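The primary structure of each chain is shown beneath.
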Amino acid sequence: MKAFEIIPFDNQYSKDFYELNIEWLKTYFYVEPFDEEVLSKPKVYIIDKGGHIFFVKRDDFIIGTVALMPTPNPKVLELTKMAVQPNLRGQNIGQHLLQYCIDFAKSIQLDALILYSATKLENAIYIYRKFGFIELKLEQNSPYKRSDIKMELKLQ
């Protein structure tokens, strides 16, 4: 596999953020109105609120993305909106993105990362556990209807 780089948000890649995530959602679930709103305006809903978006770039193409969204606790960010081009899945790109996010979170001295997922995504849950995420009680008013698991990685 050709080398890639992980780069921070740039508005020129907003369309890639949208398309990668919409494809992933349609493949595994469905697109909720909340998803459509956030994905179509990542600068407004993520960057301008203090979050971060990263892209995996190979040559001149965006092949993956992930977001770290603010939570009510300023020392905790939500790992979300991770997607990799379908034909490149299974090549550890997602794991590189995950490690990048963990290293970034430590570098800005966060206490933890949280995420919401679905237990039917067995490979993803396995990888999150491998990286040290543990399961938390899922609140009744979870932000995503498709989520049935909440996980946390303590960084301190």
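Our subject is the structure that appears above.
Residues numbered from 1 in each chain as written. Predicted model: local features only at pLDDT ≥ 70, side-chain atom pairs only at ≥ 80, totals over all residues. Heavy atoms only, no water.

Draft legend 1. Expanded view of the environment of Ser147. Its place among the elements puts Ser147 in the loop between β6 (134–136) and β7 (149–154). Relative accessible area serves as the criterion here: at 10%, Ser147 is assigned to the buried category. Separated by 30 residues in the primary sequence, Ser147 and Ser117 have C-alpha atoms spaced 5.0 Å apart. Apart from the residues within four sequence positions on either side, Ser147 is in contact with Tyr116, Ser117, Leu138 and Ser142. (Helix = DSSP H or I, 4+ residues; strand = E, 2+ residues; numbered from the N terminus. Buried < 20%, exposed > 50% of the residue type's maximum accessible area, 1.4 Å probe, protein only. Contact = heavy atoms within 4.5 Å.)

Draft legend 2. Representation of the pairing of strand β5 (residues 112–117) within the structure. In terms of burial, β5 is largely enclosed, as 6 of its 6 residues are buried. Alternating positions in β5 separate into two faces, Ala112, Ile114 and Tyr116 on one and Leu113, Leu115 and Ser117 on the other, with burial throughout. On the question of chirality, the crossover connecting strand β4 (residues 76–84) to the parallel β5 by way of helix α4 (residues 93–107) is right-handed. Bridge count for β5 against β7 is 6 bridges, and the pairing is antiparallel. The residue bridging Ser117 from the neighbouring strand is Ile149, located in β7. (Right-handed = clockwise from strand over helix to strand, strands pointing away. Pairing = 2+ DSSP bridges.)

Draft legend 3. Inspection of α4 at higher detail. The terminal C-alpha atoms of α4 lie 21 Å apart, and with 15 residues this matches the ideal 21 Å at 1.5 Å per residue to within 8%. Positive phi appears at Gln109, one or two residues downstream of α4, with a value of about 60 degrees. (Expected span 1.5 Å × (residues − 1).)

Draft legend 4. Spatial organisation of the pattern of salt bridges. Under the counting rule described, the total for this entry stands at 10 salt bridges. Residue Arg89 pairs with Glu23 through a salt bridge whose shortest N-O separation is 2.5 Å. Of this pair, Arg89 sits in the loop between β4 and α4 while Glu23 sits in helix α1 (residues 14–28), and the two are 66 residues apart along the sequence. Residue classification places Arg89 among the partly exposed residues on the basis of a relative accessible area of 26%. Its salt-bridge partner being Glu152, residue Lys154 comes within 3.4 Å of it at the nearest N-O pair. Overall, Lys154 belongs to the exposed group, its relative accessible area being 59%. (Salt bridge = Lys/Arg side-chain N within 4 Å of Asp/Glu carboxyl O.)

Draft legend 5. Representation of the packing of α1 against helix α2 (residues 33–40). Running from N to C, α1 and α2 cross one another at 160 degrees; their axes reach a closest spacing of 9 Å. Taken as axis vectors, α1 and α2 run roughly antiparallel relative to one another. Along this stretch, α1 crosses α2, giving a crossing that reads as right-handed. Judged by residue contacts, Phe17, Tyr18, Asn21, Ile22 and Leu25 of α1 engage Asp35, Glu36, Leu39 and Ser40 from α2. In the contact of α1 with α2, the residues fall into 5 nonpolar, 2 polar and 2 charged. (Axes fitted to C-alpha atoms, helices over the stretch in contact; angles between N-to-C directions. Parallel < 35°, antiparallel > 145°, perpendicular 65-115°, else oblique. Left-handed = near helix turned anticlockwise from the far one by under 90°. Nonpolar A, V, L, I, M, F, W, Y, C, P; charged D, E, K, R; others polar.)

Draft legend 6. Up close: the side chain of Glu152. With respect to the helices and strands, Glu152 occurs in strand β7. Here Glu152 falls in the buried class, since its relative accessible area comes to 13%. A polar contact is formed between the side chain of Glu152 and the side chain of Lys154, at a distance of 3.4 Å. (Polar contact = N/O pair within 3.5 Å; in protein donor to acceptor, adjacent residues only side chain to side chain.)

Draft legend 7. Representation of the nonpolar core. Counting 28 residues, the largest nonpolar core has Leu68, Leu79, Ile102, Leu113, Tyr128 and Phe133 as its most contacted members. Beyond its immediate stretch of four places on either side in the chain, Leu79 contacts Val66, Ala67, Leu68, Leu98, Cys101, Ile114, Leu115, Tyr128 and Phe133. Of all hydrophobic cores here, the second largest spans 20 residues; its members include Tyr13, Ile46, Ile53 and Ala67. (Core = buried A, V, L, I, M, F, W, Y, C linked by side-chain atoms within 4.5 Å.)

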